[in-house]
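The lines below spell out each chain.
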Amino acid sequence: MSQTGPPMTGIPRINDPAPDFEATSTHGVIRLSDFTKQGKWVLLFSHPADFTPVCSTELVDLARRSPDFEAVNTQLIGVSVDSIYSHIAWTRSLAEKLGQDIPYPIIADLDTRVAQLYGMIHPGASATATVRAVFVIDPKQVVRALVYYPMQAGRNIDELLRIVQALQTVDANGVSTPANWRPGDAVLVPAPATTDAAKTRAEGSEGYDVVDWYLSTKKLA
């Protein structure tokens with residue numbers, strides 16, 4: 001596997017460029033930029049090790065929900081420091097024992113290059129295994145969200161999908177999303193930036209559901 005561009009240290013932050021990479025996976029050699037150049041969003045997620053209980057449930061549930069991610073133009077990519085042969089054996093076992101094929105690529109990151117680029121190895125948790133990291137990367141190859149879980153707690157797949165849907169809604173409509181937002185719920189409109197605009201907003205003449213001048217919502221068409 002080769003790295004594209006200079007090495008990075010630490011964890012890429014929100015709105016940082018997502019480090020590009022080329023890596024061996026269960027779908028052959030893949031590059032992050034191959035997906036983003038197609039206009040896709042990417043959900044890049046790491047797991048500590050193959051053939052482990054929590055990771056197995058996560059991979060299977062992500063596979064079952066893969067049509068939902070495809071529906072919002074999002075490519076799933078898994079990564080761990082196991083070998084390609086271990087990945088193949090594990091995915092075959094999941095198909096046999098749990099009846100679920102894994103339709104997305106899993107990177108075999110034996111040299112930890114991808115893990116190091118994305119800060120997925122936390123020495124306090126393990127010197128060699130990746131923690132449960134999730135990076136949401138947009139089509140401009142920018143990190144839009146990142147979530148880290150401890151090794152013992154499985155991820156909520158509904159929430160990962162919701163994050164993608166919320167970010168896409170924000171981008172498409174110039175709005176924000178409130179706590180617990182789901183597609184179809186009302187969204188938050190930007191607060192006014194002048195006293196005159198605040199007065200207009202408070203008067204309710206713009207057609208929003210106004211709680212106060214700084215807190216207003218609307219339904220998207």
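Please refer to the structure higher up on the page.
Keep in mind it's a predicted model, so treat the numbers as computed, not measured. (Residues numbered from 1 in each chain as written. Predicted model: local features only at pLDDT ≥ 70, side-chain atom pairs only at ≥ 80, totals over all residues. Heavy atoms only, no water.)

K.L.:
Residue-level account of the overall build of the protein, with values.
P.N.:
Across its full length, the protein holds 7 helices and 10 strands. Of the contacts made within the protein by residues no fewer than 6 positions apart, 65% connect residues no fewer than 24 positions apart. Counting only carbon and sulfur atoms, one obtains 53% of the accessible surface of the protein, whose full area is about 11,000 Å². Here the protein contributes 19 positively and 24 negatively charged side chains, and the mean placements of these two sets differ by 1 Å. (Helix = DSSP H or I, 4+ residues; strand = E, 2+ residues; numbered from the N terminus. Contact = heavy atoms within 4.5 Å. Areas by Shrake-Rupley, 256 points an atom, 1.4 Å probe, with all protein chains shown as cover. Lys, Arg positive; Asp, Glu negative; His and termini not counted. Charge placed at Lys NZ, Arg CZ, Asp CG, Glu CD.)

K.L.:
How would you summarise the sheet that holds strand β9 (residues 209-212) if you had to cite specific residues and measurements?
P.N.:
Spatially, the 3 strands line up as an open sheet ordered β8-β10-β9, and their pairing is antiparallel. Taken across any chain shown, the strands that pair with only one partner, and hence form the sheet edges, are β8 (187-188) and β9. Across 2 bridges, the pairing between β8 and strand β10 (residues 215-218) is antiparallel. Each residue of the ladder has a partner; that of Val187, found in β10, is Lys218. (Pairing = 2+ DSSP bridges.)

K.L.:
I'd love a proper account of the nonpolar core, names of residues and values included.
P.N.:
With 26 residues, the main nonpolar core has Leu43, Leu59, Leu62, Phe69, Tyr104 and Val136 as its most contacted residues. Looking at this core, the elements with two or more residues in it are β3 (41-46), α2 (53-64), α4 (84-98), β6 (132-137), β7 (143-149) and α6 (157-173). The element contributing the most residues to this core is α6, with 6 residues. In contact with Leu62, other than residues within four places in its own chain, are Leu43, Phe45, Phe69, Leu76, Tyr104 and Ile157. Judged by nonpolar contacts, the second largest core, of 21 residues, contains Phe35, Leu117, Phe135 and Val143. (Core = buried A, V, L, I, M, F, W, Y, C linked by side-chain atoms within 4.5 Å. Buried < 20%, exposed > 50% of the residue type's maximum accessible area, 1.4 Å probe, protein only.)

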